Amino acid sequence: MAEQNPSLKIAILEKAKEGLQKVKISGGGRCNVTHAEFIPQELVTNYPRGEKELLGPFHQFMTGDTIEWFEKRGVELKIEDDGRMFPITDSSKTIVDCFLNEAKKHHVEVFYSKNVSKIIPTDNLGFELEAKDEKFSCKKLLIATGSSVKFWKLLENLGHTIVNPVPSLFTFNIKDNRIKDIPGVVAQQVSVKVLGTDLFSEGPLLITHVGMSAPAILKLSAFGAVELAKRNYLFDIEINFINDTYENCLNKIKLFKHDLAKKLVLKSAQFYLPKRLWKQLVLAADIETEARWADLNKSQLEGLAAQLTQAVFHVSGKSTFKDEFVTAGGVDLKEVNFKTFESKLFPNLYFAGEVLNIDAVTGGFNFQNAWTGAYISAKAIAK
């Protein structure tokens with residue numbers, strides 16, 4: 001904004017004593033800046049809410065533009081195997097310092113500990129802001145307050161519709177003997193579905209001390225945020241640990257019965273499953289510890305195939321995923337012009353980031369939405 005129009009007088013009102021706290025803790029302190037997906041049509045599929053609305057904006061400013069923006073300011077990014085992108089320093093301080101230096105360079109005033117309590121539209125289509133005993137006035141206002149319930153209330157009082165916020169990106173709490181003693185085990189490629197719904201996801205799955213996590217679960221929690229909240233986080237999931245059909249699995253197991261006849265079932269893990277997980281699924285199929293493949297009867301073969309491809313687990317709650325809390329909900333997208341990110345109800349009022357009813361799966365996508373919204377709204381304001 002300041003770069004595009006140096007004549008503007010720009011101020012940032014920050015509620016906290018320090019700014020950019022979410023940037024600071026992102027990616028475990030390394031700052032997951034964006035994701036290495038360079039096709040807008042593919043990038044938008046990572047947004048359970050906002051997929052349709054972001055397609056146009058991503059044609060204006062997306063991953064490649066983000067990389068270029070930072071590189072021009074001396075910050076080089078790297079791509080990790082899973083597509084996440086971080087500064088090569090592996091420190092969020094690099095990103096924080098970059099933003100603070102830019103603000104200083106372009107004479108942007110940053111006011112800390114300014115907790116805005118009122119937004120009042122003025123007769124000249126501007127705004128007056130109240131923060132404790134201070135008042136600030138502006139011609140144009142950009143709101144980038146993230147998932148702030150308090151600020152959503154202010155916007156609701158102003159006249160905007162707020163979609164009821166619910167948590168997104170959370171892990172599943174599961175008490176089940178099959179996973180009770182094997183925290184830390186990862187199944188690399190599973191498929192998970194929520195029974196009684198169309199919710200489905202694929203990817204790695206991590207067994208934790210309290211249940212399950214990793215991309216397969218986190219993606220499901222993001223796309224199912226609203227539905228799972230309705231169920232009060234009590235539901236059943238079905239897991240296919242080998243990403244193959246029950247019928248194919250059963251046929252392969254019958255071959256194992258012949259080819260591995262003398263081997264102990266418990267000690268001959270198949271389908272590239274971790275040994276500890278294999279053991280628990282074998283025991284859950286009512287197969288004895290000392291049973292050999294040749295000993296298995298029809299019921300046990302079918303039971304093992306079911307545990308491998310149709311294992312049902314009861315979810316009895318959720319846990320926040322690390323510090324990277326994300327909320328589904330916010331300003332109704334119908335009330336925003338996505339060519340400029342300007343409010344359709346109030347001229348000169350703009351939004352960027354998670355204050356809108358937009359959220360994404362884990363991996364740098366939420367930040368990319370924030371950078372895109374900030375860039376496009378700043379461009380509109382600078383005009």
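Everything discussed here concerns the structure shown above.
Residues numbered from 1 in each chain as written. Predicted model: local features only at pLDDT ≥ 70, side-chain atom pairs only at ≥ 80, totals over all residues. Heavy atoms only, no water.

**Q** Help me get a handle on the nonpolar core, residues and values and all.
**A** Counting residues in each nonpolar core, the largest one holds 49 residues, and the members touching the most others are F172, I237, F241, I253 and L308. The contact partners of I237, leaving out residues within four places of it in the chain, are F172, I174, V192, K193, V194, L195, M212, A311, V312, F313 and V315. The next biggest cluster of nonpolar side chains, apart from the first, holds 39 residues, and it includes L43, F127, L333 and I358. (Core = buried A, V, L, I, M, F, W, Y, C linked by side-chain atoms within 4.5 Å. Buried < 20%, exposed > 50% of the residue type's maximum accessible area, 1.4 Å probe, protein only. Contact = heavy atoms within 4.5 Å.)

**Q** Talk me through the pairing of strand 8 (residues 134–138); I want residue IDs and the actual numbers.
**A** As judged from the five bridges shared by strand 7 (residues 127–131) and strand 8, these two strands associate in the antiparallel manner. By the bridge assignment, F127 is partnered in strand 8 with C138. Between the antiparallel neighbours strand 7 and strand 8 lie two residues, among them K132 with a positive phi of about 55°. (Pairing = 2+ DSSP bridges. Helix = DSSP H or I, 4+ residues; strand = E, 2+ residues; numbered from the N terminus.)

**Q** For the sheet that holds strand 17 (residues 318–320), give the residues involved together with the corresponding values.
**A** Spatially, the seven strands line up as an open sheet ordered 16-15-12-13-14-11-17, and their pairing is antiparallel. The two strands at the open ends of the sheet, each matched to only one other strand, are strand 16 (311–316) and strand 17. Mean inter-strand twist for the sheet, computed between neighbouring axes without regard to direction, equals 40°. Of the pairings in the sheet, the one linking strand 12 (residues 186–194) to strand 15 (residues 234–240) comprises four bridges and is antiparallel in character. (Axes fitted to C-alpha atoms, helices over the stretch in contact; angles between N-to-C directions.)

**Q** Which residues make up unusual backbone geometry, and what values do they have?
**A** Negative phi values dominate among residues other than glycine, just as trans dominates among peptide bonds. Positive phi, close to 55°, is recorded for N243, a residue that is not glycine. When its relative accessible area of 32% is taken as the criterion, N243 is described as partly exposed. Unusually for a residue other than glycine, N348 sits at a positive phi of about 75°.

**Q** With reference to specific residues and values, describe the pattern of salt bridges.
**A** For the coordinates displayed, the defined rule picks out 22 salt bridges. Here K52 and E53 are joined by a salt bridge, their closest N and O atoms 3.7 Å apart. The class for K52 is exposed, based on a relative accessible area of 68%. Three or more residues joined by partner-sharing salt bridges are found here, namely R30, K78, E80, D82, R84 and D90. (Salt bridge = Lys/Arg side-chain N within 4 Å of Asp/Glu carboxyl O.)

**Q** Give a description of the sheet that holds strand 6 (residues 118–121) that names residues and reports values.
**A** The sheet built from three strands is open, its strands ordered 6-7-8 with antiparallel pairing. The open sheet terminates on both sides in strands that have one partner only, identified here as strand 6 and strand 8. Between one strand axis and the next, the sheet turns through 20° on average, direction left out of account. Note that strand 6 and strand 7 share four bridges and pair antiparallel. Bridged to I120 within strand 7 is E128.

**Q** So, the packing of aromatic side chains: which residues are in play, and what are the values?
**A** Applying the stated rule across the entire model yields 18 aromatic pairs. Summarising the aromatic geometry, the rings of F170 and F172 are spaced 6.1 Å apart at their centres and angled 45° between planes, so their arrangement reads as tilted. This pair shows no difference in class: F170 is buried, exactly as F172 is. Consider the rings of F172 and F235, whose centres lie 5.2 Å apart with planes at 85°: the pair is edge-to-face. Of this pair, F172 sits in strand 11 (residues 170–173) while F235 sits in strand 15, placing them 63 residues apart in sequence. With respect to burial, F172 and F235 carry one shared label: buried. An aromatic cluster is built from W69, F70, F99, F367 and W371, whose rings are joined through pairwise contacts. Above the face of the F86 ring, R30 is positioned so that its terminal group lies 3.8 Å from the ring centre. Just above the ring of Y233 sits the side chain of K318; from NZ or CZ to the centre is 5.1 Å. (Phe/Tyr/Trp six-rings, centres within 6.5 Å; stacked < 30°, edge-to-face > 60°. Lys NZ or Arg CZ within 6 Å of the ring centre and 35° of its normal.)

**Q** Can you explain helix 13 (residues 365–382)? Please cite residues and give values.
**A** End to end, helix 13 covers 26 Å across 18 residues, agreeing with the expected 26 Å (1.5 Å per residue, within 8%). Burial within helix 13 is extensive, with 15 of its 18 residues counted as buried. (Expected span 1.5 Å × (residues − 1).)

Keep in mind that these numbers describe shape and distance, not what the molecule does.
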